Structures are given as C-alpha cells and as structure tokens.
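Observations on the three-dimensional arrangement
Residue-level listing of the chains:
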Amino acid sequence: MVATAGIMSRVSVPCHVKGTVALQVGDVRTSQGRPGVLVIDVTFPSVAPFELQEIVFKNYYTAFVSIRVRQHTSTHTPAKWVTCLRDYCLMPDPHSEEGAQEYVSLFKHQSPSVTFPKWLSHPVPFEQPAPLLEGLPDPSRVSSEVQQMWALTEMIHASHTSTRIGRFDRETCPSRVRTTSPSVPGRVVASVCRLHQLRATMQQAMSMVARLGLPLQALPWTLSRPFSCSQDVLRRTALYDFHLAHGGKMVAFAGWSLPVQYRDSHVDSHLHTRRHCSLFDVSHMLQTKIFGCDRVKLMESLVVGDIAELRPNQGTLSLFTSEAGGILDDLIVTNTSEGYLYVVSNAGCRHKDLALMQDKVRELQNMGSDVGLEVVGNALLALQGPTAAQVLQAGVADDLRKLTFMTSAVMEVFGVSGCRVTRCGYTGEDGVEISVPAAGAVHLATALLENPEVKLAGLAARDSLRLEAGLCLYGSDIDEHTTPVEGSLSWTLGKRRRAAKDFPGAAVIVPQLKGKVQRRRVGLMSEGAPMRAHSSILNTEGTVIGTVTSGCPSPCLKKNVAMGYVPCEYSRPGTQLLVEVRRKQQMAVVSKMPFVPTNYYTLK
C-alpha cells in the first residue's frame, strides 16, 4: 500500500496493513449467500497530516465495501470514527462474476463539492440495489460492533498470548498493546460486507493517493504491534508522472509504483493489444551489462543456455538455476555487437539476481578473469501488437524488416539517440522492447502515443496477455522449487550444455530429460467460474493431484485459461480433470499452450 502527500505533487508515504480479520455474522443464510464481514486495518506511521485522495485495490469476491476513518483534529479532542463510504457495491449480481476480481478506484474528485470526510460519493441506486441487502444484517451496525470487538480483543491480548472469542481464534504475542489509545496513528478500517463465501478476501495490495492540507492526523508510531506486511516507499520509473497525467491507476508491484490500468478497462486494453498495439512501461525490470573477455564464461556459469553460440545482436531466453536444479529466475541474454552481454531479468528478483551475478564476477576476477558488471539505468518501454513495427518504423531510420524475433540493434528512435531496440515481448504478439535513456523516456512515449494505433496498457492486461501466450510468471508458475523440465522449459537447455552438464543443477536436470519427473506444468481450459492461482486440481475420481499457478478469463477465447502442475500421467492434452473453484468442482481439460497463437516476427 502506498499513500502520497503533497499540495500539487504526489510524494510516497509509508503505511502498514494489518492482517485481515474475517467474521461471520451468525449462521444466517439467504438465497443470495452467507453474510459476513472482513476487516482490514491500515495505519500511517510518522507522517504529517494529509488528505486522502484515492484508494485503489483489487477486489476478490467482495460484494460491498464500507470505509471508516479515525480522524484526529487535535491532541485535546478525542479521535472520532467517520464513515467516508457506506455499502459501496462492488458486485451487482451475486450469481455472476461481474466485478469479482476487478481493480477498483475510489477518487476524491468523484464528488468535488463535498469536503472531507464525505469526499467519496455515495452509491447511486444502480450501485446499491435494495434486493441484494434483504435478509442481511445492517452493515453499518456490524461495522460498529466489529470495531468494538476489535478493541476488546486488543485489550485482552495485552496480557494474554491467545484468546478465543466465539468461533474465531486470534493469534497474538505479548508485545501487542491496546489500539484504542488516542496516541494510535490514524486508522482506516474497511468493513467489507460480502454475499459470497466467507473465504473471499480483498487483496491487501491497495494504493492510497493523498495530498497535504486536511486534518487527518497520523501521530508518531509508538506501538510494537506486528503487522502482516509493511510497504516501504516504492520506486518510480521515469514515466511515473506521465502515467498519472494519462489516468494511470498506480499499484505496488515488485517494489515499484506501476500502472495496473488506465482509463480503458483491462479487457479493452487486452483486446487493443491483440488487434493494434499497446505501450507498456516495464522499466522496473533489471537491466545489466556483462563486459570483458570472459563475459560468456561468467554467464554460462549461471544459466542453462548456450550463450557462446549466439550471433552478434542475437538474444535468447534462459534460466538462472541452483545446484538443486531449481529455477532462480528467467532472463533474456543478448550478445551485442558492442562487446557486452545485455541482460534483462525480473524486478522481483532484482536483489537476488544482482547478488548472484556480482558474486560470480568477484569470484572470476579473483581467479584472474577479465569480466565486469554494470547496472543499466535506462527506462524500458514495450510496444506490443500486430501494428507495433509499423508504428515504430516511422521514427527510426533502420529497416525493421531486418530485425527479427529475439534480435537487437542500437538506433535513434523518434529523435532519442542511444536506444536499444529488441524484437521481443511478453504478450505473444509481434513487438519490441526499447531500452531508452531515462531522460528521453517521456519524449519517446509521447511520440509513440501520437499514433492512433497506440494506447497505454498496464499490468493487468500484461498478465492476461502473457497467460494466453502460455508464458510463465516467475514466483507463480516457476520458482526455485521447480526444475526446467517440470516447468516445460526444457527447450531453454542448450544442446552443448546438456552434453557437457556444466551448468548449475545439471546433475539433477539432465537425467530428467530422459527420465520421468513427478509433475509437469500444463495448460488448462474450462467454462464457468474462472480458475485462479492456488485452486486445487483433481482427477475425475475427486482426488487432489495438483494446483493452479495462474488463471484468468481469456478475453480472446471467452473461456477460462490457466496453468498448473499435475503428475505426468495427467499431462497429456485432452485429459479431463476437475478444478475446485469457490468450493465447487467443475470440469477442466488439459490444453496445449499457447492458448492463443503467437505472432512473433520470424523469417522463414
């Protein structure tokens, strides 16, 4: 979660998100579902007074949301709880998926004539249909009671290590103290009334945008309460202000503040990329140069690919692996004609990857090798879609017909010199990634957007596009507990490297190529409710055999697509399986990937 403060600018302010508390209201059941509330407590430690400007979060099967703020006006006035938003409808129909997993933005400017704390507009009739609330407890009364219960439990927890209240257990530790003191920082509690299953949760990664000037007081942090997560100040790309100016909805991702989407919906952005082209800011990715006469030796000591065989300006997808055979990260390595290797790896593995490469550099240097590493401070823009090359050609002198998939060249792009253009991407479409000096990033993005073919797209579209293309997301579909063979990435192993068995984990990985592994990554398709990460995969007898790692409704196919791991005997395309979605089993079939045909530009 990020809060920002400033009169006209937005400056990040850290906040803490306490673990959610789910409470069921009695045993009442209605035709609409089972009622309950989920409380999320957010505090802002050691910050100046600020004005809440925007709340952004990803919904997860939550029907209604209410927001209460504990407002401090002065040290002599008791803090008051104020309801800013009551019963805001997130899912208009409990029998459909509409709104179930959408990103939601609540803006102050939705109701500019109303001052804080009533800046969030009240739901209009169609947002709060009366029939949906029939038979359910009054959400405002439930919210008040939950807060009283919370205060009571915190007082009890001050002297007890665990407490049971009704059917709900709260795990605690002696360092916790009561949270009802006026010295507690300003608090935001989202009381969520839901009509679906009790296990429905709101994703804790929310983004709050705020400005200085209003009396929401956050006093110095004086408690030692443990929180489930805390968010440091996020890094920003060179296009941060550009995103805000174009309606970007910023969220925390891998330590960066990035746009999840813009004014267009996620589905519209997805389809526009497939039909035209979209511009993505992927500057959070780690870009490095490996130089020196022994640069190939260094890289091949860390990855499974045959780097020595790469032609000048040719690149390849490869994998960092551990001695146990697990995948530490996936990356693209390009053998540039300028005498260095250009490496792009994942932002979420930035510190791990840097440490891995830097340690190997020092090791080889101590042995007398000629090798070095440099982090590249460029921005990175991805222009993806069938018309990407046509759009880019207008701004470069080089003939892009000669730039084929996974090749790279340095050129001037729309007046910005020193850009490295690589024909690759993460969408399955033709496209390029442009490493551009940070000072020229806004100019380049602006120039590209002048073409009506181009629209901005964010993380949400990028994720569904890569899933349709059957591309892995590190940390979800592959990780250090997954081998390349299990992850269906055997093709990344260079033929020479397989024979030499000279890469990390070769003793584990190479025998798997001819032997039988316990599990494999497969594609799944289904209809009905969408499959999501962590959903159980079962055989037709009802025995759990695997887990979904990524899943979403496919905007192109109008079906649900997913990836997951199953035993080898269930990995053949066409195999009928079951997937548990929202506690119900539904049919799924093992399918070939990519789900949507890729359109990479290759010369035949």
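No experiment lies behind these values; they were computed from the predicted model shown. (Residues numbered from 1 in each chain as written. Predicted model: local features only at pLDDT ≥ 70, side-chain atom pairs only at ≥ 80, totals over all residues. Heavy atoms only, no water.)

Section: the pairing of strand 26 (residues 416–422)
Counting buried residues along strand 26, five of its seven residues qualify, which places the element largely inside the surrounding structure. What sits between the antiparallel neighbours strand 25 (residues 408–413) and strand 26 is a turn of two residues, in which F414 has the positive phi angle 50 degrees. (Buried < 20%, exposed > 50% of the residue type's maximum accessible area, 1.4 Å probe, protein only. Helix = DSSP H or I, 4+ residues; strand = E, 2+ residues; numbered from the N terminus. Pairing = 2+ DSSP bridges.)

Re unusual backbone geometry
Excluding glycine, residues mostly have negative phi values, and the peptide bonds linking residues are mostly trans. Between M593 and the following residue, P594, the backbone shows a cis peptide bond with an omega angle of 5 degrees. Checked against the element boundaries, P594 lands in the segment after strand 34 (584–591). The backbone phi angle of M406 is positive, close to 70 degrees, even though this residue is not glycine. Relative to the helices and strands, M406 resides in the loop between helix 6 (388–393) and strand 25. Residue class for M406 comes out buried when judged on its relative accessible area of 12%.

Here's the deal with the pattern of salt bridges
Any two side chains of opposite charge can pair, given that their charged atoms come close. Scanning the entire structure with this criterion turns up 14 salt bridges. In this structure, the salt-bridge partner of D359 is R362, at a minimum N-O distance of 2.4 Å. Of this pair, D359 and R362 both sit in helix 5 (residues 350–366), three residues apart, which is roughly one turn of the helix. Residue classification places D359 among the partly exposed residues on the basis of a relative accessible area of 43%. One network of salt bridges, in which partners are shared, links R274, E429 and E468. (Salt bridge = Lys/Arg side-chain N within 4 Å of Asp/Glu carboxyl O.)

So, the pairing of strand 20 (residues 314–321)
For strand 20, the buried fraction is high: six of the eight residues fall into the buried class. Between the antiparallel neighbours strand 20 and strand 21 (residues 327–335) lie five residues, among them G325 with a positive phi of about 95 degrees.

Comments concerning the environment of E450
On the secondary structure map, E450 appears in the loop between helix 7 (441–449) and strand 28 (454–456). In this structure E450 comes out as exposed when scored by relative accessible area, which is 65%. For the pair E450 and V391, spaced 59 residues apart in sequence, the C-alpha to C-alpha distance is 9.9 Å.

With respect to the nonpolar core
Here is a general trend for soluble globular proteins: nonpolar side chains tend to be buried in one another's company. Core analysis: the largest hydrophobic core is formed by 29 residues, its most contacted members being L279, L383, L392, V413, V421, I434 and V436. Mapped onto this core, the elements with two or more residues apiece are strand 18 (277–281), strand 24 (379–384), helix 6, strand 25, strand 26, strand 27 (431–436), helix 7 and strand 28. Here this core gets four residues from one element, more than from any other, and that element is helix 7. With near-sequence residues (within four places) excluded, V421 lies in contact with L392, L403, T407, S408, A409, M411, V413, V432, E433 and I434. Membership of the second largest hydrophobic core comes to 20 residues, among which are L286, L298, M357 and L364. (Core = buried A, V, L, I, M, F, W, Y, C linked by side-chain atoms within 4.5 Å. Contact = heavy atoms within 4.5 Å.)

A word on the sheet that holds strand 17 (residues 256–261)
Whether parallel or antiparallel, the strands of a sheet pair through hydrogen bonds between backbone atoms. Taking strand neighbours across the sheet as the criterion, the three strands line up as 15-17-16 in an open arrangement whose pairing is mixed. Looking at the sheet topology across the chains shown, the edges are occupied by strand 15 (235–236) and strand 16 (249–253). Two elements, strand 16 and strand 17, share five bridges in a ladder whose sense is antiparallel. Directly across from K249, in strand 17, lies its bridge partner Q261.

Focus: helix 10 (residues 506–514)
Of all the residues in helix 10, the buried ones are A506, I509, V510 and Q512. For helix 10, the angular spread of buried residues about the axis comes to 155 degrees, placing them on one side. Among the exposed residues of helix 10, those pointing more than 90 degrees away from its buried face are A507 and K514. Looking at the buried residues of helix 10, the elements they touch are strand 20 and helix 9 (495–500). (Arc of directions from axis to C-beta.)

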